[in-house]
Amino acid sequence: MAELAQLTQAEKKKLKRELTLLPLFGLMYFTVCGGAFGAEPMVSLSGPGLALLLFVITPLVFSIPNMLMVREMQSLMPAEGGYYHWIKQAFGRFAGFLAGWANWVVSWVDVSIYPVWAAYYLGYFIPALRNGATINGIEVPGWLLSWLVALVLIWAISLLNVRGARLSGLFTNWLGLIMIIPLILMSIVGILAWIKSGTTVHLPFLASGEPVTFKTLIPALGTGIYVAMWNFMGWELPSAAGDEVVNPKRTYPMAMVLVLIAAIASYSIPTIAGLYGGAGEDGKYQLWGLEASNEEAGIIADLAGEDATPDQIHEWTNKLNDWGVEPTSSVGWEFPDIAHVVADKFTGQKNGNLAKTLGVLVSLSAVLSMIGLFIGNGLGGTRLPFALAEDGMMPKFLVKVHPKYGTPWVSILFCGMIYSIFTLQAFQTLVVIDVFLNMLVLLACFFALWVLRFKQPDRPRKKVPGGWFGLTLITVSMTAVVTLAIVFNYLDSGMESISWALYALGIGVLLYFPIIKWVKPGIPDVDPYELSSGGE
């Protein structure tokens, strides 16, 4: 038994604390944001005016409370595993394990989607990824080629991750810089097109164009907050790499502030440029992020409505044709399409060279964004099994640390295998469990913050400003937003998300007891309050 404890401690000492501000910023940016992509549905679902307002409201009522909670908890417990230890110290081993298990399961589904999306956007440049190809006389379907591309991305990034968190972080810095340039160019072209037109586009506040009343605002606000929250979440996830951050009590909060500023700019500026630069006028905003509810009928069925008359369908067909959109298409406009439209507006010609070039560049930006999101979100997902194993709550082989690079290499490669399997089918229908499980863990973190104020009152930490009033304010704000998100997730998906989430938690409950009986004995609990060597 003593040998197990010594093995665990010896492996932990190999971890390299090398995440300084710049690489941590890159990893956190791609965990929380990853560029403008993902903002498009807010415009069509909630309305242009409300979407722009939510870019201001969401950081205030969701991101800042989240950041203040993470700031205090990270300063209190800067250990590898982050939120797993926070919840464990507040509510016990069982609750901590379920929280760690829940977010690890979420990472299988969520993180695995990004290589699939990267392959999808690459299909813009390589049509064979969507349509298939004949290789040496053998018909190879597009899904197989896309999966192979996703596998290459997964294992290339996994090997990069093994080489060190700092190297991965610096890679995301360069990735982000290259990714953001096309979005900046699109924003400049959009703003110039707006100025050149000499008029201000009239955009409705709500998607329906109806007057703002309680009856019309609440559904639009609920849907918008749900999407906006998803675009601004993930502040606690990099805390799972706590033992790899240099001076975490100072570096982590600084990185969060910089990421919040970058995220707000990344979402709002391209959106404003697109809406007022030509892709929002005359009702075109309704195409942003639109996905056909019936792929066979196409997006025209959603735009015209279920009870549309033949005349209304004819009117919408003419509109879509005029906008250069196929009525039976299954998707509307994403930012590559929006970039194309604003360039057309600026030059005054359709499908000009500038539009084609800008569309290609923003498509490339989308590919890089998906790769960055995989790296950023994978940081916490790959560190969590190590933290659980270090605490005796996962098999001991996961606690191995690379002797040269100082990373939990077995945990990283083990997660790579899981991502490869889930990427095969993409499991996009299971992404609905993300909201429910993530929100449960996030709420548990806030409640843990309160409990530890009483259980560990004298331990040093960077407390939420404003005393108990400040703590109450951020908790009420977060609880209200999370509750609203869960309610609208239920209204949108029914019991599907809750059922899958309960199945996942049920598996965690079943695993807990054999782990306690056969894996945990001989391995002492980690003390998350103490910084390891090089922490300050």
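Residues numbered from 1 in each chain as written. Predicted model: local features only at pLDDT ≥ 70, side-chain atom pairs only at ≥ 80, totals over all residues. Heavy atoms only, no water.

1. Description of the overall build of the protein
- Regarding its fold elements, the protein presents 19 helices and 2 strands.
- Over its C-alpha trace the protein gives a radius of gyration of 24 Å, about what one expects of a compact globule, namely 24 Å for 536 residues.
- C-alpha atoms of the protein, sized along the principal axes, occupy 80 × 65 × 40 Å.
- Counting the 536 residues in the protein, one finds 57% classified as buried.
- Counting contacts in the protein only where the partners sit at least 6 residues apart, residues at least 24 apart contribute 82% of the total.
- Averaged over its 32 positive side-chain charges, the protein has a centre that lies 15 Å from the centre of its 37 negative ones. (Helix = DSSP H or I, 4+ residues; strand = E, 2+ residues; numbered from the N terminus. Rg over C-alpha atoms; globule rule 2.2 N^0.38 Å. Buried < 20%, exposed > 50% of the residue type's maximum accessible area, 1.4 Å probe, protein only. Contact = heavy atoms within 4.5 Å. Lys, Arg positive; Asp, Glu negative; His and termini not counted. Charge placed at Lys NZ, Arg CZ, Asp CG, Glu CD.)

2. Considering the environment of Ala-387
- Counting through the fold element by element, Ala-387 comes out in helix α15 (residues 353-390).
- C-alpha of Ala-387 to C-alpha of Gly-190: the two residues are 197 residues apart in sequence and 46 Å apart in space.

3. Overview of the nonpolar core
- Residues Met-28, Met-69, Trp-235, Leu-287 and Trp-333 are the most contacted members of the largest nonpolar core, which totals 155 residues.
- Here the element with the most residues in this core is α15; it accounts for 16 residues.
- The residues touching Met-69, leaving out its near neighbours within four places in the chain, are Trp-86, Leu-442, Cys-445, Phe-446, Leu-449 and Ile-474. (Core = buried A, V, L, I, M, F, W, Y, C linked by side-chain atoms within 4.5 Å.)

4. A closer look at the environment of Leu-258
- Among the structural elements, Leu-258 can be located in helix α11 (residues 248-279).
- By relative accessible area, which is 39% here, Leu-258 ends up partly exposed.
- As for Leu-258 and Met-28, which are separated by 230 residues in sequence, their C-alpha atoms are 9.7 Å apart.
- Residues contacting Leu-258, with those up to four places away along its chain left out, are Leu-21 and Phe-25.

5. Concerning the confidence of the model for the protein
- When the pLDDT values of the protein are averaged, the result is 89; 95% of them are 70 or greater.
- Between the elements of the protein, mean pLDDT differs from a low of 69, seen in helix α1 (residues 2-12), to a high of 97, seen in helix α5 (residues 83-91). (pLDDT = per-residue confidence, 0-100.)

6. Considering the pattern of salt bridges
- The final tally for this structure, using the stated rule, is 10 salt bridges.
- With a shortest N-O distance of 3.2 Å, Lys-345 and Glu-281 are connected by a salt bridge. With Lys-345 in helix α14 (residues 335-347) and Glu-281 in the loop between α11 and α12 (299-304), the pair connects residues that are 64 residues apart, well separated along the chain.
- Classification of Lys-345 by relative accessible area gives partly exposed; the value is 33%.
- Here Glu-281 falls in the buried class, since its relative accessible area comes to 14%.
- Overlapping salt bridges, with partners in common, bring together Lys-88, Arg-93, Asp-391, Lys-520 and Asp-525 in one network. (Salt bridge = Lys/Arg side-chain N within 4 Å of Asp/Glu carboxyl O.)

7. What about the state of the cysteines?
- This model, assessed by the stated rule, comprises 0 disulfides.
- With no disulfide partner, Cys-415 has as its closest neighbouring cysteine sulfur the one in Cys-445, 19 Å distant. (Disulfide = S-S within 2.5 Å.)

8. Digging into the packing of α11 against α14
- With their axes 8 Å apart at the nearest point, α11 and α14 run at an angle of 45° to one another. Classified by the angle their axes make, α11 and α14 are oblique. Note on packing geometry: the crossing formed by α11 with α14 is left-handed. For the pair α11 and α14, the contacting residues are Pro-270, Thr-271, Ala-273, Gly-274, Gly-277, Gly-278 and Ala-279 in the first and Phe-335, Ile-338, Val-341, Val-342 and Lys-345 in the second.
- Residue composition of the contact of α11 with α14, by class: 7 nonpolar, 4 polar and 1 charged. (Axes fitted to C-alpha atoms, helices over the stretch in contact; angles between N-to-C directions. Parallel < 35°, antiparallel > 145°, perpendicular 65-115°, else oblique. Left-handed = near helix turned anticlockwise from the far one by under 90°. Nonpolar A, V, L, I, M, F, W, Y, C, P; charged D, E, K, R; others polar.)

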